[in-house]
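Listed below, chain by chain, are the residues.
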Amino acid sequence: MSLSEKKVNLDKDAFNKLYLRYKDYLLPIAAVLICLILFVKLIIPQIQNLTDLKKQEEKENQKLQILKNNLTLLYNLNQDTLDNQLKITSKTLPVDKDFIGILNGISVAASRAKVSLGDYGFQVGDLTKLPTSVKGYPSIQLVLNISGNLDNSINFLKELEKTVPISEVTDVNLNNRGSNLSLVFYYKPLAPVKLRDDIPLIPLSSQSINIINNISEWNNIQLLEEEYNISPSSSPSSIFRGLSF
Amino acid sequence: MNSGINLITKKEDVGLKEKKKVKIARIIAGCALGITVFTSIILFILYNQLQIASIKRDQESAIRNMTILREKSAKLDAVNDRVKSISDIVKKRKNYIGTINLILKQLPKDASIATIDLSSKAIDLRITSSSLLALNIFLDNMIGLAEKKELVSDLTIDGLSLDAKNNKYNLTVSSKLL
């Protein structure tokens, strides 16, 4: 018998001895090892995945809730009221340079204050350039001469404050024979329509409704509403009809 | 009877210990299997409770309904935006009428305003009266306003003249507005 063969036999014996000695432990150890592998490779990743899915579910649920709230809000909005509110606000702050509205507003304020209008001049600005920003409030400047005493001129300023389109007096030169006024009439182009389903729609607050109600009592709103009734195609709500979303 | 006699041999004692160890190993393996099965069942139940698919379906249905209401939504957005802008402009507007009324309140009965030149930063006034005392009262009142830091911050007399034809004094003053 060679030396190497002897060594092999010795290991075999040892292995046999070890097997016989520990064979009862083999199955439990294998079971524990398989469980460990399952835990590390499958169960722990699945738990992590479940946490992510739960977060996603929560997010999707919130989005659904926003959608449902938006739907309820829009269903409950009265179409006619909304159209009327849009008309009023768009006449108060027009979407573009509303010369007819401005002339109408000035003449209504003048007749109510019992002053006569003298010369006036618009400073329209560049007609070829569109307003680059819709954040600020672009305006048309107007220099106006009115004839009337001081009280009437002050009344004209008061009337102009509650006349549409919305304006601001920048310079006043009043005297007893007549007055010279510098005014700006504001307008604001429509902001780009960004409708996203996951953003909650904001209903009109009571403060906003109060503002609209207040404006609806201004001097020439009724006149302008009549104008809309005659020609509904010029209504600001028609702006939205051609929009594709 | 002698109770100190050991009837179990040493070899049998070792065998008992060995069986105990095997039993413990089997219990540990059983526990590991039990925990694995239990965790898997819990995970299965939790996965089944997830409602992402049904939420997505509801979302799609809501989005379909929203499409019909897009115009309304755009209008609401526009009204909100316009009301905010109008409110901003109204708040920003200078209250010239209030300013003029406050100036008029400072005038005594026998004085009147001939001209008011008003800008956002300054006011120039020309007051006429047949009495110098009335002009003095007006100046005192205006100085009072400036001292109280109300409406004007200072007061400068630009001129005082006599219109002999009409027998009236003309006082020209200017102020910086607060």
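Residues numbered from 1 in each chain as written. Chains lettered and ligands numbered in written order. Predicted model: local features only at pLDDT ≥ 70, side-chain atom pairs only at ≥ 80, totals over all residues.

Quick word on the overall build of chain A
Broken down by element type, chain A carries six helices and four strands. Going from the N terminus to the C terminus, chain A shows its helices and strands as α-α-α-β-β-α-β-β-α-α. Taken across its 245 residues, chain A has 26% of its residues classed as buried. In chain A, 78% of the contacts between residues at least 6 apart in sequence involve partners at least 24 apart. (Helix = DSSP H or I, 4+ residues; strand = E, 2+ residues; numbered from the N terminus. Buried ≥ 20, exposed ≤ 12 C-beta atoms within 10 Å, placed from the backbone. Contact = placed C-beta atoms within 7 Å.)

Description of the pairing of strand 3 (residues 167-175) of chain A
In terms of strand pairing, strand 3 of chain A meets strand 4 (residues 178-186) of chain A through seven bridges, oriented antiparallel. Within strand 4 of chain A, the position partnered with A:S167 by the bridge is A:F185. Both strand 3 of chain A and strand 1 (residues 111-118) of chain B contribute to a ladder of four bridges, which runs antiparallel. Considered in strand 1 of chain B, the bridge of A:N175 is made with B:T115. (Pairing = 2+ DSSP bridges.)

Some words on the nonpolar core
Judged by nonpolar contacts, the single largest core of 54 residues is most densely connected at A:F156 and A:V172. By residue number, the principal contributor to this core is helix 3 (residues 70-92) of chain B, which donates six residues. Leaving out residues up to four positions away in the same chain, A:V172 has contacts with A:L181, B:Y96, B:I116 and B:L118. (Core = buried A, V, L, I, M, F, W, Y, C linked by C-beta atoms within 7 Å.)

Remarks on helix 4 (residues 96-105) of chain B
Restricting attention to buried positions, one finds in helix 4 of chain B the residues B:Y96, B:I100 and B:I103. On an axial view of helix 4 of chain B, the arc spanned by its buried residues comes to 60 degrees, and they lie on one face. Residues of helix 4 of chain B that are exposed and angled more than 90 degrees away from the buried face: B:G98, B:N101 and B:K105. Buried positions along helix 4 of chain B lie against helix 4 (150-161) and strand 3 of chain A together with strand 1 and strand 2 (122-129) of chain B. (Arc of directions from axis to C-beta.)

Examining the interface of chain B and chain A
Each side of the interface is counted separately: chain B has 54 residues, and chain A has 65 residues. Mapped by element, the contributors of at least two residues to the side of chain B that touches chain A are helix 1 (10-49), helix 2 (52-68), helix 3, helix 4 and strand 1 of chain B. With 17 residues, the single largest contributor to the side of chain B that touches chain A is helix 3 of chain B. A per-class count over the side of chain B that touches chain A returns 30 nonpolar, 13 polar and 11 charged. (Nonpolar A, V, L, I, M, F, W, Y, C, P; charged D, E, K, R; others polar.)

As for the confidence of the model for chain B
Averaged over every residue, the pLDDT of chain B is 89; the share at 70 or more is 94%. Scoring of the predicted complex yields 0.74 for pTM and 0.75 for ipTM. (pLDDT = per-residue confidence, 0-100.)

Notes on the pairing of strand 1 of chain B
Residues and elements named next belong to chain B. Where strand 1 lies against strand 2, seven bridges are found, and the strand directions are antiparallel. In the sheet register, A111 faces strand 2, and the bridge partner there is S129. In textbook terms, the turn of a hairpin is the stretch between consecutive antiparallel strands, and for strand 1 and strand 2 this stretch comprises three residues.

Comments concerning the domain arrangement of chain B
The domains assigned to chain B are domain 1 (52-92) and domain 2 (96-176). Summarising the inter-unit geometry, the C-alpha centres of domain 1 of chain B and domain 2 of chain B are found 53 Å apart. (Domains from an automatic or database assignment.)

Some words on helix 3 of chain B
Across its 23 residues, helix 3 of chain B extends 33 Å between first and last C-alpha, which sits within 8% of the 33 Å expected from 1.5 Å per residue. Along helix 3 of chain B, the residues that are buried comprise B:K72, B:S73, B:A74, B:K75, B:L76, B:A78, B:V79, B:R82, B:V83, B:S85 and B:I86. (Expected span 1.5 Å × (residues − 1).)

Quick notes on the domain arrangement of chain A
Residue and element names in this part refer to chain A. Structurally, chain A comprises domain 1 (17-76) and domain 2 (79-240). Contacts between the two partners involve six residues from domain 1 and, on the opposite side, five residues from domain 2. Residue composition of the side of domain 1 that touches domain 2, by class: three nonpolar, two polar and one charged.

Quick word on the environment of B:T67
All names here are of chain B. Take T67: it is sitting in helix 2. Judged by the 9 C-beta atoms lying within 10 Å of it, T67 is exposed. Separated by 19 residues in the primary sequence, T67 and I86 place their C-alpha atoms 29 Å from one another.

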